[in-house]
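# Overview (structure and organization)
Listed here are the chains, written in short residue letters.
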Amino acid sequence: MPQTQPIGITVLVTTDYETSLARTVEALKVEGFGVLTEIDVKETMKKKIGVDMAAYKILGACNPPLAHRALTAAPEVGLLLPCNVTVRELESGAVEVALVDPLAMMSVVDNAELAAVAAEARARLERVAQALGS
C-alpha cells in the first residue's frame, strides 16, 4: 500500500528489481508520463568513487501537456522539472518505488494556476503508486 511522505509517495513492490523498474515505466506511461532521463546511481557511484551499492535508478518522468501548462504559468518552474521517480533495491531484497509529490515541489512558487497543475500531476502519480502496489 502506498505511503505518503513529506516529499513524495512510496510503495514497496513485490517483484524483483528489473521487473519493478519495467512496471514503473509502464505505469507512468498509462498516466501520460514518459521517462526523459534515467540515472543509474549504482553504476555512477561505482564508476566515480568505487562504492558498491544496491540497484538504484532515478527516472526523470515528464507529462508534456502538464509540463507545458506549468511552464506557461511560471517559467521558473523548469528548475523543478521533471518529476523524479526512484526505484531502489532494499537490503531485504524488496524494491521501493518513490514518486515525488508535485504539490510539495511546486509549493515554493506562489501561483494558483501552477498549484492546479501540480494537483493534477500528483493525482496521476498517486494512481501510478496504486497500480504498483496492487
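Attention shifts here to the overall build of the chain. For the chain, the count of helices and strands is 5 helices and 6 strands. A compact globule built from 134 residues would reach a C-alpha radius of gyration of about 14 Å, and the chain, at 15 Å, matches this within 12%. For the chain, the C-alpha atoms occupy an extent of roughly 40 × 35 × 25 Å along the three principal directions. Burial status across the chain gives 38% buried among its 134 residues. Sequence separation of at least 24 residues holds for 65% of the intrachain contacts in the chain that already meet a minimum separation of 6. Per element, the accessible surface of the chain, about 7,500 Å² overall, is 58% carbon and sulfur. Taking the 12 positively charged and 17 negatively charged side chains of the chain as two groups, their mean positions are separated by 3 Å.

Looking now at the layout of surface pockets. Its volume calculated, the largest pocket comes out at about 170 Å³. Considering the residues around the largest pocket, the lining is formed by Gln5, Ile7, Gly8, Ile9, Thr10, Ile58, Asn84, Val85, Thr86, Ala98, Leu99 and Val100.

Our focus in this paragraph is the pairing of strand S4 (residues 56-62). Along S4, 5 of the 7 residues are buried, which leaves the element largely enclosed by surrounding structure. As paired elements, strand S3 (residues 34-40) and S4 share 6 bridges and run antiparallel to each other. Directly across from glutamate 38, in S4, lies its bridge partner leucine 59. Sheet topology places S4 next to strand S5 (residues 83-89); 6 bridges connect them, and they run antiparallel. By the bridge assignment for S5, leucine 59 is matched with valine 85.

Parameters at a glance
- Residues numbered from 1 in each chain as written.
- Predicted model: local features only at pLDDT ≥ 70, side-chain atom pairs only at ≥ 80, totals over all residues.
- Heavy atoms only, no water.
- Helix = DSSP H or I, 4+ residues; strand = E, 2+ residues; numbered from the N terminus.
- Rg over C-alpha atoms; globule rule 2.2 N^0.38 Å.
- Buried < 20%, exposed > 50% of the residue type's maximum accessible area, 1.4 Å probe, protein only.
- Contact = heavy atoms within 4.5 Å.
- Areas by Shrake-Rupley, 256 points an atom, 1.4 Å probe, with all protein chains shown as cover.
- Lys, Arg positive; Asp, Glu negative; His and termini not counted.
- Charge placed at Lys NZ, Arg CZ, Asp CG, Glu CD.
- 1 Å grid on protein atoms, 1.4 Å probe; cavity = no way out; pocket = protein on both sides within 12 Å on 5 of 7 lines; lining within 4 Å.
- Points joined across faces, edges and corners; volume = space filled by probe spheres on them.
- Pairing = 2+ DSSP bridges.

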